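Okay, here's what each chain looks like letter by letter:
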Amino acid sequence: MRILVVGGGGREHAIVSALSRSAHKPDLYCMPGNGGTAMLAVNVPAEIDDPATIITWVENNPVDLVVVGPEGPLVTGLANMLAVAGVPCFGPKAAGAEFEGSKLFAKQFMERHGIPTAKAEGFDSKDEAFAYLEEHGAPVVVKADGLAAGKGVTVAFELSDAKLAAEICFNGDFGEAGEVVVIEDYLEGPECSLLAFTDGETVLPMLPAQDHKRALDGDAGPNTGGMGVYTPVPSVSSEALAEMTAILERTVAGMREEGIDYRGVLYGGFVLTAEGPKVLEYNARFGDPETQVVLPLLKTDLVDVMMATAEKRLSEITLEWSDDAAVSVVLASGGYPADYETDLPITGIEAAEQVEGVTVFHAGTTIQESGTLVTSGGRVLNVTAVAPTLAEARTRAYEAVERIDFLAMQYRTDIGLKAL
Ligand code: GLY
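Residues numbered from 1 in each chain as written. Predicted model: local features only at pLDDT ≥ 70, side-chain atom pairs only at ≥ 80, totals over all residues. Heavy atoms only, no water.

Points about the site of the ligand
Link 1 in the chain: All residues in the neighbourhood of the ligand are listed as Asp-211, Lys-213, Gly-225, Tyr-267, Asn-283, Arg-285, Gly-287, Asp-288, Pro-289 and Glu-290.
Link 2 in the chain: A distance of 2.7 Å is found between a nitrogen atom of the ligand and a side-chain nitrogen or oxygen belonging to Asp-211.
Link 3 in the chain: Residue Glu-290 places a side-chain N or O atom 2.8 Å away from a nitrogen atom belonging to the ligand.
Link 4 in the chain: For the ligand, whose accessible area on its own is 200 Å², the fraction buried by protein is 88%.
Link 5 in the chain: The residue makeup of the shell around the ligand, split by class, is two nonpolar, three polar and five charged. (Near = heavy atom within 4 Å. Polar contact = N/O pair within 3.5 Å; in protein donor to acceptor, adjacent residues only side chain to side chain. Areas by Shrake-Rupley, 256 points an atom, 1.4 Å probe, with all protein chains shown as cover. Nonpolar A, V, L, I, M, F, W, Y, C, P; charged D, E, K, R; others polar.)

Shown next as structure tokens:
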């Protein structure tokens, strides 16, 4: 069996790692991959934002399954093109990826199907957006409608910040993604991610996880792609988990009613409000870094789960999970999420993995021709520890973090602390 994983972050390293544990012993390829996937798969250098490149590669290198990590190629129709080429794909076609590709589309879908979420309006003119903001006041959330590499969302506690965020979108900083601006009510409460495998009929939820979006300890500093994550989430009651699961099921039922054939991961980003969980956003893919704590606890063979998802026979699968806890700490380049240096040598990963239960997933790393492992991105490594309790997983993760070094390395010291 041959499987191509598209992407090159910590999420894809975690996916490749879980696939490499499969009893099917697949030959794995990762496009473009990173310094970590290179140890488990053949890295295929390529520009993945152009689906045609991937299709050409697959035509010359037949595979049994393509697993798509990031949203970009899904939104531009990679799964549609793979379907035409007759290649099973884990990841939705463009119509399903629109749940992430257009925030307004997702909001309007939720309204049509009575799915709990914040009230929202879409605007394609600055004057109308400003008039709405004047009337609404702060706090309020301003979002670029389209994909903006995680940078298009502003939670504004002052009206002036909300206007500035809308202006940045309309000024073209996010290109087409900012041509429509979605303004929504601010939801109060802790966030929780619940991802589910779905083939458009069956919905199999994974373990809930809590990401830490802000750059600095105490949820201070700018928003990032995610600085660390843990599972389980003790603040999620069994009632809240059941409600989140029911919301994902209703979402997939709604997709079916609207003729959307969704196969892959449906990611529900929830806020646990006083009135119960509400959807903050959907993503059409695995979360990053959520995947880095969820997949290490999956006992079911991931190849079986993904093939069944792609072939619409997920009802044959039962997911089994370890009872352990997992914590993942993101080690980032100094300056991230703003400018940062790259090509800085990384040391200590082997020593870190000597700590019991620890795996270091690579995100922004590359191996130079000399064989030196260097930084190549904002989020560099995800130090993930599995242990019988969250407290022990935290201790192990941070013990491992202390063994790793690269110039100007930054990380949060409070990942998972709230849960304790
Ligand atoms: N952890 C946030 C995301 O994957 O979008």
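Concerning the sheet that holds strand 3 (residues 42–43)
Link 1 in the chain: Pairing is parallel across the open sheet formed by five strands, whose spatial order is 3-2-1-4-5. Sheet topology places strand 3 and strand 5 (89–90) at the edges, where each strand pairs with a single neighbour.
Link 2 in the chain: Relative to strand 4 (residues 65–68), strand 1 (residues 2–7) runs parallel, the two being bridged by four bridges. Residue pairing for strand 4: Leu-4 is matched across the bridge by Val-66.
Link 3 in the chain: Packed on one face of the sheet, helix 1 (residues 10–20) meets strand 1, strand 2 (27–32) and strand 4 and runs near 165° to strand 1. (Pairing = 2+ DSSP bridges. Helix = DSSP H or I, 4+ residues; strand = E, 2+ residues; numbered from the N terminus. Contact = heavy atoms within 4.5 Å. Axes fitted to C-alpha atoms, helices over the stretch in contact; angles between N-to-C directions.)

Some thoughts on the pairing of strand 17 (residues 276–283)
Link 1 in the chain: Most of strand 17 is tucked away: seven of the eight residues are buried.
Link 2 in the chain: Linking two consecutive strands that pair antiparallel, namely strand 16 (residues 264–273) and strand 17, is a turn of two residues. (Buried < 20%, exposed > 50% of the residue type's maximum accessible area, 1.4 Å probe, protein only.)

So, the side chain of His-113
Link 1 in the chain: Relative to the assigned elements, His-113 resides in the loop between helix 6 (103–112) and strand 6 (120–123).
Link 2 in the chain: Among residues more than four places away in sequence, those in contact with His-113 are Arg-250, Gly-254, Glu-257 and Glu-258.

Brief notes about unusual backbone geometry
Link 1 in the chain: Looking along the chain, the bond that leaves Ala-138 and enters Pro-139 is cis, with omega of 0°.
Link 2 in the chain: Mapped onto the elements, Pro-139 comes out in the loop between helix 7 (126–136) and strand 7 (140–144).
Link 3 in the chain: The omega torsion across Thr-231 and Pro-232 is 0°, close enough to zero to call that bond cis.
Link 4 in the chain: Looking at where Pro-232 falls in the secondary structure, it is placed in the loop between strand 15 (228–231) and helix 9 (238–257).
Link 5 in the chain: Positioned with a positive phi, Asp-219 is a non-glycine residue whose angle comes to about 55°.
Link 6 in the chain: By the secondary structure assignment, Asp-219 is in the loop between strand 13 (214–216) and strand 14 (220–223).
Link 7 in the chain: Residue classification places Asp-219 among the partly exposed positions, given a relative accessible area of 34%.
Link 8 in the chain: The backbone of Lys-312 shows a phi angle near 55°, a positive value even though the residue is not glycine.
Link 9 in the chain: Tracing the backbone shows Lys-312 in the loop between helix 11 (302–310) and strand 18 (325–332).

No statement about biological role is implied by the geometric values presented.
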